[in-house]
Structure formats: C-alpha cells, structure tokens
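Results of the structural survey
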Amino acid sequence: MDIPNGEAWTIAGRTLTSRLIIGTGGAQSLDVLRKVLTASGTQLTTVAMRRVTAAGEGSLLGVIKQAGVDVLPNTAGCHTATEALLVARLAREALGTDWVKLEVVADDITLLPDPEELIEAARKLVADGFTVLPYTNDDPVLALRLEQAGCAAVMPLGAPIGSGLGIRNPHNIAMIVERARVPVILDAGIGTASEAAQAMELGCGGVLIASAITRAADPEMMAIAMRLAVQAGRAAHGAGRIPRRWHAVASSPVAGQVSS
Amino acid sequence: MNVTLNGEPRDVPPGTTLAQLVGMLTDQPTGVAAALNGEVLPRRAWAGTPVRDRDQVEVVTAVQGG
C-alpha cells in the first residue's frame, strides 16, 4: 500500500494534490524561501501587497514561479472592507489572479479578524468576481456566513497569527468542518508538525503555514516535517481513529493467561 | 503641481502621466499595480493617464507575507 499523498482536492475548480499552503512571510532570504517551497511540495503560496520602494523587492515572484508554485495574494494589513477591496484589486492587476486570501483584522495586537468588515469585504469581492478565501475566526457561525456570502473556502485560525499556540479550540474547528460545503483550510497558529497533523485529523481540507516553517531554526527541515504531518493527518482522518474509552481495553488475549 | 506618490509628496510638471510616476519608482515590467485616487488602472492605461494636482497615487508589488 502506497503512502497516501492525500487525494487531490479542489478549491473553486482548481485541483491541487498538495494540501499544504505556504505563507512566504518570515523567510530570511529568497534562497531559504526557495528551499522551503520545494521541500514542502506546496502548489500555492501567499504574498502580501506593499508599496514599491526604490530599493526594489528582489525576485520574489521569480522564485515562486521557478518553484512551479501558484501565487495567492493576501490583504494583510487591511483593517476595513474598503482597504481590502483596493488591495485585492491591486493584487489582481499586479499578479493576474482573481484569487485572494482575504484578511481584515481588527487590531494589530491580536491580528484577529474583524467579523463585520470581513463579511462586508467578502460580499463585495465576490460580487466583483474574486475567488475569496477568507481568514476567519474559529467561529462556526461566521464561517457559515462567509460560505453563504460566496467564499470559495474558509480559513479558520487555530490561534493568533504567528503565535505558534496550536489549535486552541479543536471542537470549533471540527464543527466548522462538519457544516462547511467548501474546503476548510486551517490558517494561523500552527507551531509544529503535530498541530498540522491535528488539523487534518479534524477533517480540514488543507493547512496554511508560514511562521512555523519560515521562522524555524531549520526552515527546510520543518517544511519536510509539515509536509509529512499533513499527509499523516489526512491519512489518519481517512483511516478512522478508535473511540476514546475511559478504561483500558486489553490488546492481548484474555483467554489462556498463565496464572500462579 | 504636487501629487502624493506612495504617501510621499512629489512636485511634478503638468502633463506628467501615471506611467511616468510609476517609472520613478520601478522599471519592473510585470508584477506592479497602480491606483489613482483609489481606482486601480490597468498598466495599458498608464501612459494615457495624466495626473492632476493633489492626486493620490499608490504603486504596489508583491512582497513576502502571509
């Protein structure tokens, strides 16, 4: 039996074989990023949109293209629907994609999504023809509202961005998965491989990871670890875990035991 | 006349086009987008779009993030 690579999955008609999406933020150099993209096996990676500076931005897009990875612009830094709409439109023009990872945060301390602005931005972007993948709270109701607004996926957080705290409310993630008819992508909070596996075991379709890989002591090795973890978690989800029991259930036969 | 280019004031001659303003910042042939007073204009329209006094121009590109 082959090690399952995770069967292909589809977001808005685009078929992907890798269930790991990489955020490019935090990589110390483009060379590190190149190694991470390759080692992770990802097919989709996020970028942010920022003002052009005279210093230039190097060849970020070149590195991503060379790695054979599609680019997913985000609206990081936006606090209102109006800002997010402008940044998404700039990204569409600059990068030639109508896919957008929608981020509308309430403040810079928590970087938690602002539900009201997020929903408004999602509706406007969908109406403008975007394929919208919103970064959202681990709130099953908000996730459902985003799906009803026409989003192509929902991306609940495990914990605040960059915190590495893992999945703080796995029950909520499971409830989001249970009701969603669009892919659920765990986004933010992952710190290490076991947490990526947990996201997949909870039934998420994919995982987005940036800091946990790019800021690891050895980013390339962590990219490999995350790739394996996502595969393992997906396989475990499909294999079906045993029920949890209060007391032990002997795994060796009870009959024929030696007694003194 | 004065325009604001990526948040910085710039004194430019009348008739300056959006293409010329973008050219002051970057010569990247792709991967760049520009907005004039909050409206995104496609690259093909830049050369034919003169800017006016007190216009706000944003020129962006992709950076590592997310």
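What to know about the overall build of chain A
When you go through chain A residue by residue, the secondary structure sums to 9 helices and 10 strands. Over its C-alpha trace chain A gives a radius of gyration of 20 Å, about what one expects of a compact globule, namely 18 Å for 260 residues. With the C-alpha coordinates of chain A rotated into their principal frame, the extents come out at 85 × 40 × 35 Å. For chain A, the residues scored as buried account for 49% of the 260 residues in total. As displayed, chain A has an accessible area near 12,400 Å², and 53% of this comes from carbon and sulfur atoms.

Side note on the pattern of salt bridges
All names here are of chain A. With the rule as written, the count across this model stands at 11 salt bridges over all chains. Put simply, Lys101 and Asp187 hold a salt bridge, and the shortest N to O gap is 3.0 Å. Of the two residues, Lys101 sits in strand 6 (residues 99-102) while Asp187 sits in strand 9 (residues 185-187), which places them 86 residues apart along the sequence. A salt bridge links Arg181 to Glu147; its shortest N-O distance comes to 3.5 Å. Of this pair, Arg181 sits in the loop between helix 6 (170-179) and strand 9 while Glu147 sits in helix 5 (residues 140-148); the two residues are 34 residues apart in sequence, bridging distant segments of the chain.

Quick look at the packing of aromatic side chains
Applying the stated criterion across every chain yields a total of 0 aromatic pairs over all chains. Cation over ring: Arg14 of chain A sits above Trp99 of chain A, and NZ or CZ is 3.9 Å from the ring centre.

Things to note about the interface of chain B and chain A
The interface of chain B with chain A comprises 23 residues on the first partner and 28 residues on the second. Around 2,100 Å² of area is buried between chain B and chain A when both sides are counted, 63% of it from carbon and sulfur atoms. Taken as a group, Val63, Gln64 and Gly66 of chain B account for 30% of the area that chain B buries against chain A, more than any other trio of residues on that side. Between Glu58 of chain B and Arg51 of chain A there is a salt bridge, with its nearest N and O atoms 2.8 Å apart. For the interface between chain B and chain A, the tally reads 15 residue pairs in polar contact (both at pLDDT 80 or more).

Looking at helix 5 of chain A
An α-helical turn contains 3.6 residues, so any two residues separated by three or four positions project in the same direction. All names here are of chain A. Looking at helix 5, one finds that the buried residues are Pro140, Leu142, Ala143, Leu144, Leu146 and Glu147. The N-cap residue of helix 5 is Asp139: its side-chain oxygen and the backbone nitrogen of Val141 are 2.8 Å apart. Looking at the residues trailing helix 5, positive phi occurs at Gly150, about 105°.

Cut-off values and rules
- Residues numbered from 1 in each chain as written.
- Chains lettered and ligands numbered in written order.
- Predicted model: local features only at pLDDT ≥ 70, side-chain atom pairs only at ≥ 80, totals over all residues.
- Heavy atoms only, no water.
- Helix = DSSP H or I, 4+ residues; strand = E, 2+ residues; numbered from the N terminus.
- Rg over C-alpha atoms; globule rule 2.2 N^0.38 Å.
- Buried < 20%, exposed > 50% of the residue type's maximum accessible area, 1.4 Å probe, protein only.
- Areas by Shrake-Rupley, 256 points an atom, 1.4 Å probe, with all protein chains shown as cover.
- Salt bridge = Lys/Arg side-chain N within 4 Å of Asp/Glu carboxyl O.
- Phe/Tyr/Trp six-rings, centres within 6.5 Å; stacked < 30°, edge-to-face > 60°.
- Lys NZ or Arg CZ within 6 Å of the ring centre and 35° of its normal.
- Contact = heavy atoms within 4.5 Å.
- Buried area = accessible area lost by both parts, 1.4 Å probe.
- Polar contact = N/O pair within 3.5 Å; in protein donor to acceptor, adjacent residues only side chain to side chain.

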